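Each chain is listed here by its residues.
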Amino acid sequence: MKNIKLLLAIILLMTANTFSTAQNQTDNDRLDWFHEAKFGMFIHWGLYAVPAGEWNGKSNYGEWIQYGANIPGKRYVKFAKEFNPVKFNAKEWVSLAKEAGMKYMVITTKHHEGFCLYDSKLTDYDIVDASPYGKDPMKELAAECQKQGIKLCFYYSVKDWHHENYPLEYTYFSKAQPDGYVGFPKKNKPDYKKYFSYLEGQIKELLHNYGPIGIIWFDWHGEALSPGHDQNRAYAQAVVDSIHKWQPECLINNRFGVGADYGTPEQEIPGGVQKQAFEVCMTLNDVWGYNKNDHNWKSTKQVIFNICDIASKGGNYLLNVGPTAEGVIPEPGQRILKEVGKWMEVNGEAIYNTTSGGASVRWNPDVEMITAKPGTFYLHVFDYPEDGKVYLNDFRKKVESIYFLADRLKKPLKYKSHPQGVMISLPKDQIDEINNVIVVEFSNS
Ligand code: JFZ
């Protein structure tokens, strides 16, 4: 698994310059809502939720369980008959995202397993035709997102362990699976043209049947666009052109290898301010897909720290939940997201529609990060200084006011100039047990 990820990382790096050239203002305009939103919910949901991370006595799997546990395709497809999310409630999921302060939702419409979580006319390996549920949850989510003002976005895996025309050589042979993970004996060499036609047809369904879609979140293009498959780059570019024709406002991430509007660092936060738009995707516990034994949940404080750290570098945070096969988001995840939402309700002004405060503003160790709006800095103080002093260095503006964002009365905080900028004196008691956001309003005069 590590070698595969390394291979993919290399391929992703090789295609790093896949950002759609700023042909015109349109590309930048497309990102406006994204920069304002800052915080989104990732949802990994699929047949892998049926085994729930456990197989043959091992219990550390997630959404890669078909590969990791060597489950033959013939056995894996039987999970479809057990996938019956009778407890799925679109209103509950969208309300949770909203309560957490999330502004968009990215849900897996098809992960590597190839099973479609929406009603596709191009395959019967989907939730309507192959599962007892028989309904299209994406229709329900689209209606609820529209009602609650949450932008709906679709994850779509290029890698497909089920489709007969996905390049077999990439379905990870192993001793236990001589015929590849699809499990269906292959009669002929996979046909990339047919596979990209299937892919484009499904993207067309997703962009025509569910209203306005914020992002097509492609994943794992690696094999299809690896060196020696240049023709596939042309196929992929044709899909990008179609997406822009079908829904010009729809963003494309960098994992399709062409046409990227933004980058997608995974499970890690970049070290500094980034030049291009980016979105850090991260699990809330350890795996993306539901694992009934994964109890390693991030703390509310860690999530809030990540939101602020990422925003201070100019990026978005896409935080994942993995619902059960019955359609329930695990309770610990719900609790954490609701606690994060309470903080965001008071302090969201320092996150939404902000930009990085810029690496040029040097801070003393008390202040880890800064976000900004025109005429305003938001200083994120996680470790309250014992001496009550916070220094704003490299600051040559005229201070208009300084106060705690959480203080409804905006009681002025004491400050005075010092050689490099401004020294702010804080009261003995913190205003927030996690992050004391200080607002510095200034003018250029
Ligand atoms: C991919 C998927 O394989 C995974 O299941 C999940 O959906 C995640 C969000 O995306 O995981 C990756 C993608 C890229 C790398 C590693 C894992 N990489 O570049 O090393």
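Since the model is a prediction, treat every value here as computed from it, not as a measurement.

### Overview of the pattern of salt bridges
Counted according to the given criterion, the structure contains 12 salt bridges. Ionic pairing is found between K121 and D119, a salt bridge with its closest N-O pair at 2.9 Å. Overall, K121 belongs to the exposed group, its relative accessible area being 66%. Here E400 makes a salt bridge to K398, at a shortest N to O gap of 3.3 Å. A single network of salt bridges, built from pairs that share partners, joins D219, R255 and E266.

### Details of the nonpolar core
Formed by 99 residues in total, the largest nonpolar core has its most connected members in M105, I203, F218 and F256. Here this core takes 8 residues from helix α9 (residues 192–208), the largest share from any one element. Here this core gathers at least three residues from each of two domains, domain 1 (2–350) and domain 2 (357–443). Sequence-distant contacts of F218, defined by excluding residues within four places in its chain, comprise Y156, V158, L199, I203, V239, I243, I252, N253, R255 and F256. Grouped together as the second largest cluster of nonpolar side chains are 19 residues, V381, F395, V399 and L413 included.

### Overview of helix α12 (residues 331–347)
An α-helical turn contains 3.6 residues, so a residue and the one three or four places further along point in the same direction. Over its 17 residues, α12 runs 24 Å from end to end, which matches the ideal 24 Å to within 8%, given 1.5 Å per residue. When α12 is considered as a whole, its buried residues turn out to be G333, I336, L337, V340, G341, W343, M344 and N347. Down the axis, α12 shows its buried residues gathered within 165 degrees of arc, on one side only. Exposed positions of α12 whose direction lies more than 90 degrees from the buried face are E331, K342 and E345. Buried residues along α12 sit against β1 (39–43), α6 (90–99), α11 (300–312), β7 (316–321) and β15 (436–443).

### A few points about the environment of S443
In this fold, S443 is placed in strand β15. For S443, a relative accessible area of 19% translates into the label buried. Along the sequence, S443 and K397 sit 46 residues apart, while their C-alpha atoms lie 6.0 Å from each other. Contact partners of S443, with chain neighbours within four places excluded, come to K397, K398 and E400.

### So, the sheet that holds strand β3 (residues 151–157)
Strand order in the open sheet made by the 7 strands is β5-β4-β3-β2-β1-β7-β6, with parallel pairing throughout. Edge positions in the sheet fall to β5 (251–252) and β6 (279–283), since each of these pairs with one other strand and no more. Pairing analysis gives 6 bridges linking strand β2 (residues 104–110) to β3, with the strands arranged parallel. Residue M105 lies in a different strand from β3, and its bridge partner there is L152. Strands β2 and β3 of the sheet are contacted by helix α8 (residues 137–148), whose axis makes an angle of about 170 degrees with β2.

### Some words on the state of the cysteines
Applying the stated rule across the entire model yields 0 disulfides. Left without a disulfide partner, C145 is nearest to the cysteine sulfur of C153, which lies 8.4 Å away. Residue classification places C145 among the buried positions, given a relative accessible area of 2%. Left without a disulfide partner, C153 is nearest to the cysteine sulfur of C250, which lies 7.5 Å away. The class for C153 is buried, based on a relative accessible area of 0%.

### A word on the side chain of T371
For T371, the position within the fold is in strand β9 (residues 369–373). Looking at T371, its side chain comes within polar contact range of the side chain of H380, at 2.9 Å. Setting aside anything within four residues of it in sequence, one finds T371 in contact with C308, A311, S312, A350, T354, T355, G357, T376, F377, Y378 and H380.

### Some remarks on the pairing of β9
Counting buried positions over the 5 residues of β9 gives 4, a clear majority of the element. Bridge count for strand β8 (residues 355–356) against β9 is 2 bridges, and the pairing is antiparallel. Across the sheet, residue T355 finds its bridge partner in β9, namely A372. A loop of 2 residues connects β9 with strand β10 (residues 376–381), the two strands running antiparallel in sequence, and G375 in this loop sits at a positive phi of about 80 degrees.

### Looking at the packing of aromatic side chains
Summed over all chains, the structure comprises 33 aromatic pairs. Between F34 and Y262, the aromatic rings sit 4.5 Å apart at their centres with planes inclined by 35 degrees, giving tilted as the arrangement. Pair noted here: F34 is in helix α3 (residues 32–37) and Y262 is in the loop between β5 and β6, with a separation of 228 residues, a long-range link. F34 sits in the buried class, given a relative accessible area of 0%. Clustering of aromatic rings is evident, with ring pairs tying together W45, F83, F88, W93, F115 and Y125. Stacked on the ring of Y352, the Lys or Arg K103 has its end atom at 4.4 Å from the ring centre.

### Digging into the sheet that holds strand β14 (residues 421–425)
Taking strand neighbours across the sheet as the criterion, the 3 strands line up as β11-β14-β13 in an open arrangement whose pairing is antiparallel. Since the sheet does not close on itself, it has two edges, and those belong to β11 (389–393) and β13 (414–418), each with one partner. On average, each strand axis in the sheet is inclined to that of its neighbour by 20 degrees, with strand direction left out of account. For β13 and β14, the ladder comprises 5 bridges, and the chain directions are antiparallel. Bridging across to β14, K416 finds its partner in M423.

Each value, and the rule that gives it
Residues numbered from 1 in each chain as written. Predicted model: local features only at pLDDT ≥ 70, side-chain atom pairs only at ≥ 80, totals over all residues. Heavy atoms only, no water. Salt bridge = Lys/Arg side-chain N within 4 Å of Asp/Glu carboxyl O. Buried < 20%, exposed > 50% of the residue type's maximum accessible area, 1.4 Å probe, protein only. Core = buried A, V, L, I, M, F, W, Y, C linked by side-chain atoms within 4.5 Å. Helix = DSSP H or I, 4+ residues; strand = E, 2+ residues; numbered from the N terminus. Domains from an automatic or database assignment. Contact = heavy atoms within 4.5 Å. Expected span 1.5 Å × (residues − 1). Arc of directions from axis to C-beta. Pairing = 2+ DSSP bridges. Axes fitted to C-alpha atoms, helices over the stretch in contact; angles between N-to-C directions. Disulfide = S-S within 2.5 Å. Polar contact = N/O pair within 3.5 Å; in protein donor to acceptor, adjacent residues only side chain to side chain. Phe/Tyr/Trp six-rings, centres within 6.5 Å; stacked < 30°, edge-to-face > 60°. Lys NZ or Arg CZ within 6 Å of the ring centre and 35° of its normal.

Shape is all these values report; function is a separate question.
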